[in-house]
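Survey of secondary and tertiary structure
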Amino acid sequence: MALLNRGLKFILPPKKSPIEDICVDVMASVRREMDEMKDTIETKAVSLMRNEMATKLAKSGDNIKRMYEAVKSMREKDVVFAKADKSNNIVVMERDDYDRIALKTINEGQYAECMNDPLYDMVKEVEDILDKHKNVLCEKPRYELRKWKVSNPEVPSLYLMIKIHKDPDADGDRKARPVASNVNAPTENIAKKLVKIFGKLPRPKGKSVLNGTEFARQVNGVAVNRNEEMGSLDVSSMYPSIPMDFTLKILFAWLIENGVSTPLAVAYTDLAAVCMKHNCFRFRGIVYTKDDGAGIGNSLSGFMAELFMCFFETKLERHPLFPRFYTRYMDDTFAIQNRRKFDALKKLFEDEMDKVKKGAIRFTIERQTEDGRLPFLNVMCEVVDGKVRVDVYRKPTKTMRMITSDSFHDMKHKMAAYHSMADFMVNLPLNEEQIDRETEKILEIGWVNGFKKSAILEIINKHKKKKLLSEMTSFYDDGNIKSPLLNLFVLNRKVDERIIDLTDDSPDSSTSEIYYDCDAEE
């Protein structure tokens, strides 16, 4: 239990110091240095390895041994350790229960069992389509085409993410989200390359937001009339329900619209069709497949779903029932609408989807609570004095477990979660009280995971300074160029009033000289 409570991301330290690997790395790093410098570095490295690494591992040797024994014991048990959906909890289930839920999920998703292993056909189709478009995709196909292929391909494998935030079904089983791991799938490299290529083009025209920060900036301060309320429309099983043939036509038109040549647009569309066609996975030795939809776990599925939803938003935005305020992130939509028109809006969306494929996509509605609150994208929206006010939101199933301080990770990986939380906090339009409350929460999360408050506070202050400097040094305001002299005045005033409040230490004197001792021309 102590090991499981460290989370699924916890990495055990090695049983012994990797002395040989470190020696090779050090020698490779200093091979071009002068002999005197090389000897100094190698001597220092030997001292560090002997006095610090070996001592640290020796002190924790018994604890490490118990951890490895615990891992061995868990592997021998007939249980499954799975990650919970939309949280960082660990779900422990008997293997028979896990298999029963998996088969029920497969049957509900209308997947069919493959009589023959499709791997050979998948690889051959990938090679044929790449050979067909090789002169369009690559300048030197002989050398570049191999980057589009996977060396040792295999059929994607299925795993479940248990939905502990939802009630069990009528049989008492937990619902689950099926995810097909596309690692080493024949189309994995193609999907990744297409996502990278499409990401460089202008975003599809629609109402989507990139993240919670962009959403919070849009919705904060929006007026909500007395006859209106906030609501969220969620697409049920979005990826498996997407009509892929229609979406591929939208993709081709979008590529042409953004200046991609016709031969290249045809090549990209054909490659995307291959990635989406092989919507299959292996579970307990049996391969299942589905003719339509996008697979959860495919790198390209998210973009195809985004393209499909943007098309319909753009088509319906002039309809009288379309909300006054509307935005979307993937399959979740947020709207401020007349409270009597939400059901009509839901029917409008579904009827429009039915024109492409009957019953393809259905929506569920979540209304704001009686006290005027509605969570969306880790942001809590609350109606205060007729306007929307935002705050940070965490799901009830969310735990405070991140990568612990004793995990054998690089420090930058351990600190990544706190950088993300701090960046999210400082870029939301929060008041001082909300910022103080969220700061205490981030510090508490860091303390629970074994980090000193001073280390987490340093990260928070770093992001506050970064945000403040980005506000101070801009020479543009609402599209109009400011006077450099005016910027200098605002810069000095903000530094004088706010920079001291962000840190426990006094401002660096050299920084003050940069701001105050420059003349007007500089």
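In this text the structure is predicted, and so the values were computed from the model without any measurement.

Reading the values: rules and limits
- Residues numbered from 1 in each chain as written.
- Predicted model: local features only at pLDDT ≥ 70, side-chain atom pairs only at ≥ 80, totals over all residues.
- Heavy atoms only, no water.
- pLDDT = per-residue confidence, 0-100.
- Contact = heavy atoms within 4.5 Å.
- 1 Å grid on protein atoms, 1.4 Å probe; cavity = no way out; pocket = protein on both sides within 12 Å on 5 of 7 lines; lining within 4 Å.
- Points joined across faces, edges and corners; volume = space filled by probe spheres on them.
- Helix = DSSP H or I, 4+ residues; strand = E, 2+ residues; numbered from the N terminus.
- Nonpolar A, V, L, I, M, F, W, Y, C, P; charged D, E, K, R; others polar.
- Patch = residues over 30% accessible without salt bridge, like charges linked within 9 Å, V, L, I, M, F, W, Y side chains within 5 Å.
- Areas by Shrake-Rupley, 256 points an atom, 1.4 Å probe, with all protein chains shown as cover.
- Salt bridge = Lys/Arg side-chain N within 4 Å of Asp/Glu carboxyl O.
- Lys, Arg positive; Asp, Glu negative; His and termini not counted.
- Charge placed at Lys NZ, Arg CZ, Asp CG, Glu CD.
- Buried < 20%, exposed > 50% of the residue type's maximum accessible area, 1.4 Å probe, protein only.
- Expected span 1.5 Å × (residues − 1).
- Phe/Tyr/Trp six-rings, centres within 6.5 Å; stacked < 30°, edge-to-face > 60°.
- Lys NZ or Arg CZ within 6 Å of the ring centre and 35° of its normal.
- Pairing = 2+ DSSP bridges.
- Axes fitted to C-alpha atoms, helices over the stretch in contact; angles between N-to-C directions.
- Polar contact = N/O pair within 3.5 Å; in protein donor to acceptor, adjacent residues only side chain to side chain.

1. Overview of the confidence of the model for the protein chain
- In the predicted model, the protein chain carries a mean pLDDT of 84, and the fraction of residues at 70 or more is 89%.
- The low-confidence segment residues 476-522, where pLDDT is below 50, has 44 contacts with residues more than four positions distant or belonging to other chains.

2. Here's the deal with empty space enclosed by the protein
- What the rule picks out here adds up to one cavity of 30 Å³ or more.
- When its volume is computed, the largest cavity comes out at roughly 50 Å³.
- Met309, Phe312, Glu313, Leu316, Phe322, Tyr326, Phe349 and Met353 are the residues that line the largest cavity.
- Elements with a contribution of two residues or more to the lining of the largest cavity: α13 (301-316) and α14 (342-354).
- Take the lining of the largest cavity: its biggest share by element is four residues, from α13.
- Here the lining of the largest cavity is composed, by residue class, of seven nonpolar, no polar and one charged.

3. Here we look at a negative patch on the surface
- Taken together, the side chains of Glu432, Asp436, Glu440 and Glu444 make up a negatively charged region of the molecular surface.
- Considering the arrangement of structural elements, one finds Asp436 in helix α16 (residues 432-448).
- Classification of Asp436 by relative accessible area gives partly exposed; the value is 47%.

4. Points about helix α12 (residues 262-277)
- Here α12 is 16 residues long and its end C-alpha atoms lie 22 Å apart, about the 22 Å a rise of 1.5 Å per residue gives.
- Listed as buried for α12 are Ala265, Ala267, Tyr268, Thr269, Leu271, Ala272, Val274, Cys275 and Met276.
- Looking at the buried residues of α12, the elements they touch are α5 (119-132), α6 (134-137), α8 (188-199), α11 (244-257) and α13.

5. Focus on the packing of aromatic side chains
- All told, the structure shown has 18 aromatic pairs when counted by the stated rule.
- Relative to Phe376, the ring of Phe215 lies with its centre 4.8 Å away and its plane at 55 degrees, an arrangement referred to as tilted. Of this pair, Phe215 sits in helix α9 (residues 212-219) while Phe376 sits in strand β12 (residues 373-376); the two residues are 161 residues apart in sequence, bridging distant segments of the chain.
- For Phe376, a relative accessible area of 4% puts it in the buried group.
- One aromatic cluster is present, built from ring pairs that chain together Phe198, Trp254, Tyr268 and Phe303.
- Lying across the ring of Phe10, Arg6 places its NZ or CZ 5.3 Å from the centre.

6. Details of the sheet that holds strand β9 (residues 325-329)
- Strand order across the open sheet formed by four strands is β9-β10-β6-β11, with antiparallel pairing between neighbours. Looking at which strands have only one partner, the edges of the open sheet turn out to be β9 and β11 (363-367). The sheet shows a mean angle of 25 degrees between the axes of neighbouring strands, taken without regard to direction.
- Where strand β6 (residues 228-235) and β11 come together, five bridges link them in antiparallel fashion. Residue Asp234 lies in a different strand from β11, and its bridge partner there is Thr364.
- In the packing of α9 onto the sheet, the strands contacted are β9 and β10 (332-338), and the crossing angle to β9 comes to about 175 degrees.
- Taken strand by strand, α14 contacts β6, β9, β10 and β11, and its axis lies near 160 degrees from that of β11.

7. Things to note about the pairing of β12
- The alternating pattern of β12 places Leu374 and Phe376 on a buried face and Arg373 and Pro375 on a face that is not buried.
- Relative to strand β13 (residues 379-384), β12 is paired through four bridges, and the arrangement is antiparallel. Within β13, the residue paired with Leu374 across the bridge is Cys381.
- Where β12 folds back onto β13 in an antiparallel hairpin, the turn is made up of two residues, including Leu377, whose phi is positive at roughly 55 degrees.

8. Concerning the side chain of Glu382
- Within the secondary structure layout, Glu382 lies in strand β13.
- Here Arg373 takes part through its side chain, which lies 3.3 Å from a polar atom of the side chain of Glu382.
- With residues up to four places along the chain from it excluded, the contact list for Glu382 reads Met230, Gly372, Arg373, Lys387, Val388 and Arg389.

9. Quick look at the pattern of salt bridges
- Enumeration according to the criterion identifies 35 salt bridges in this entry.
- Among the ionic pairs, Asp128 bridges to Lys124, the shortest N-O distance being 3.1 Å. Placement of the pair is Asp128 and Lys124 together in helix α5, with a separation of four residues, close to one helical turn.
- Put simply, Asp354 and Arg362 hold a salt bridge, and the shortest N to O gap is 3.1 Å.
- A residue is classified by how much of its surface remains accessible, and Asp354, at 15% relative accessible area, is buried.
- Overlapping salt bridges, with partners in common, bring together Asp97, Arg100, Lys104, Asp169, Asp171 and Asp173 in one network.

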